[in-house]
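Chain by chain, the residues:
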Amino acid sequence: MAVRIAAIHALAETDQQPALTILVGLLDDGEETIRRAALDGIAAMSCKEADATVLAMLKSTNTSDRLMGLELAGSRRMTGSLGAVVSAASDADAGVRRAALKRWGELASPSDVADLLLVLRPVTDAADLAAAEGALIELCGRAAKPEEICDELIGIMSQAQPGQRASILSVLGSVGTANSLPAIRAALSESGEVRAAAVKALCDWPEATVLADLLTLAKSGGNSEKSPAFSGYVRLVGESSAAPADKVKQLREIASLAGGDADKKLLLGGLGGIVSTDSLKLAASYLSEAALVEEAGAAVVQIAGKLPATDKEAIGPALNEVLKSVKSETVQTKARKRLTDLGL
């Protein structure tokens, strides 16, 4: 086997048509290792005949050939094959369609979006739409102006079917450009999968501009929406560049909307990252709740360890309460050390 693979590598390095012909023949070999080596060899060849071979494979009536052609088009970065790749996105075979969408995402440029959207217009299959989402997100990640691609997607939403609108919203949420927010907010007025996709987009949003939206969802959203909104809100507060006092105010505002212990633990995790006496006191207020005492103690110790010694009047009582309530040896040790360091 090792000798055959070495021979395949040597053939590929010649970069000549006769070697290419042999490698193509090996794609039907009974050994998967040999087939893979042949594919890798063709992918590495730079002769023009190799591109022509891949294009022929993409047009083959054999499903296996089309799949290998799509793999090679991607590994060879054959942007010239995009026409055939887009055509394959409407192939009768589901595996070919989804492989084609993946390759399109790797090879396309923003100017190619309209062609893909035309192909996707009749698509309703959930797995195909998910593959299209991935392709568009991949392209947006490379684009210099992803907001322009998002504008194209927003432009077709009114004509799209519910499943398609949900997929578009998923892309808009993943890309996170500001121009998408009005469309996402408008979709909250819809129902089913479209509203669910809009809610998820807001919950996963990368910037604090949606805090008010999430607060509203946490207050009055559906039962399945409140906890994700709460989690997204806490995450964004933690990631924002707001002053500690503002962050504590924001977390205090949503604290009463916690749907259960899981939400409260997220809140305590967020408080632990805010260095202020206000966050210390708010975290310490949860030490009286048996289901939260360990997480509250960890948050208090984390905050106390970063506060300056000038705040020891606030630190002392909080850490002493930790020593009375928390069972974790690690947290207890940290609390004692901080008290000792402060001379308390």
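Residues numbered from 1 in each chain as written. Predicted model: local features only at pLDDT ≥ 70, side-chain atom pairs only at ≥ 80, totals over all residues. Heavy atoms only, no water.

Student: Can you break down the overall build of the chain residue by residue, with the values?
Tutor: The helix and strand tally for the chain stands at 21 helices and 0 strands. Here the chain has a C-alpha radius of gyration of 28 Å; the compact-globule value for 344 residues is 20 Å, and the former is much larger. Seen through its principal axes, the chain has C-alpha atoms that stretch 85 × 55 × 30 Å. The 344 residues of the chain split such that 47% are buried. Within the chain, residue pairs in contact and separated by at least 24 positions form 61% of the contacts whose partners lie at least 6 positions apart. Entry remark: accessible area of the chain is about 16300 Å², with carbon and sulfur atoms responsible for 54%. The positive charge centre, built from 36 side chains, and the negative charge centre, built from 44, are 6 Å apart in the chain. (Helix = DSSP H or I, 4+ residues; strand = E, 2+ residues; numbered from the N terminus. Rg over C-alpha atoms; globule rule 2.2 N^0.38 Å. Buried < 20%, exposed > 50% of the residue type's maximum accessible area, 1.4 Å probe, protein only. Contact = heavy atoms within 4.5 Å. Areas by Shrake-Rupley, 256 points an atom, 1.4 Å probe, with all protein chains shown as cover. Lys, Arg positive; Asp, Glu negative; His and termini not counted. Charge placed at Lys NZ, Arg CZ, Asp CG, Glu CD.)

Student: Which residues make up helix H14 (residues 211–220), and what values go with them?
Tutor: Those residues of H14 not exposed but buried are Leu211, Asp213, Leu214, Leu215, Leu217 and Ala218. In this structure, the buried side of H14 is in contact with helix H12 (181–187), helix H13 (192–203), helix H15 (223–239) and helix H16 (244–255).

Student: Account for the layout of surface pockets, with residues named and values stated.
Tutor: Here the largest pocket is characterised by a volume of approximately 330 Å³. Of all the secondary structure elements, the ones that give two or more residues to the lining of the largest pocket are helix H8 (113–120), helix H9 (126–142), helix H10 (146–156) and helix H11 (162–175). (1 Å grid on protein atoms, 1.4 Å probe; cavity = no way out; pocket = protein on both sides within 12 Å on 5 of 7 lines; lining within 4 Å. Points joined across faces, edges and corners; volume = space filled by probe spheres on them.)

Student: So what's going on with the confidence of the model for the chain? Which residues, and what values?
Tutor: Summary statistics for the chain give a mean pLDDT of 93 and a share of 100% for residues scoring 70 or more. Per-residue pLDDT, averaged within each element of the chain, yields its smallest value for helix H1 (residues 2–14) (85) and its largest for H12 (97). (pLDDT = per-residue confidence, 0-100.)

Student: Describe the pattern of salt bridges, naming the residues involved and giving the relevant values.
Tutor: For the coordinates displayed, the defined rule picks out 20 salt bridges. The partner of Glu32 in a salt bridge is Arg35, and the shortest N-O contact between them spans 2.4 Å. Note that Glu32 and Arg35 are positioned in helix H3 (residues 32–44) at a spacing of 3 residues, about one turn of the helix. Residue Glu32 is classed as partly exposed on the basis of its relative accessible area, which comes to 44%. Arg97 is paired through a salt bridge with Asp128; the nearest N and O atoms lie 2.7 Å apart. Residue Arg97 is located in helix H7 (residues 94–107), and its partner Asp128 is located in helix H9; the two are separated by 31 residues in the primary sequence. (Salt bridge = Lys/Arg side-chain N within 4 Å of Asp/Glu carboxyl O.)

Student: Could you give me a rundown of the nonpolar core, with the residues and numbers involved?
Tutor: By size, the foremost hydrophobic cluster in this structure holds 118 residues, and its most contacted members are Trp104, Leu169, Leu172, Leu214, Leu267, Leu280 and Val300. When sequence neighbours within four positions are dropped, the list of residues in contact with Leu172 reads Cys150, Leu153, Ile154, Met157, Thr177, Ser180, Ala183, Ile184 and Trp205. (Core = buried A, V, L, I, M, F, W, Y, C linked by side-chain atoms within 4.5 Å.)

Student: An account of the state of the cysteines is needed here, citing residue identities and associated values.
Tutor: As enumerated under the stated definition, the model contains 0 disulfides in all. For the unlinked cysteine Cys150, the closest cysteine sulfur is that of Cys140, found at 4.8 Å. (Disulfide = S-S within 2.5 Å.)

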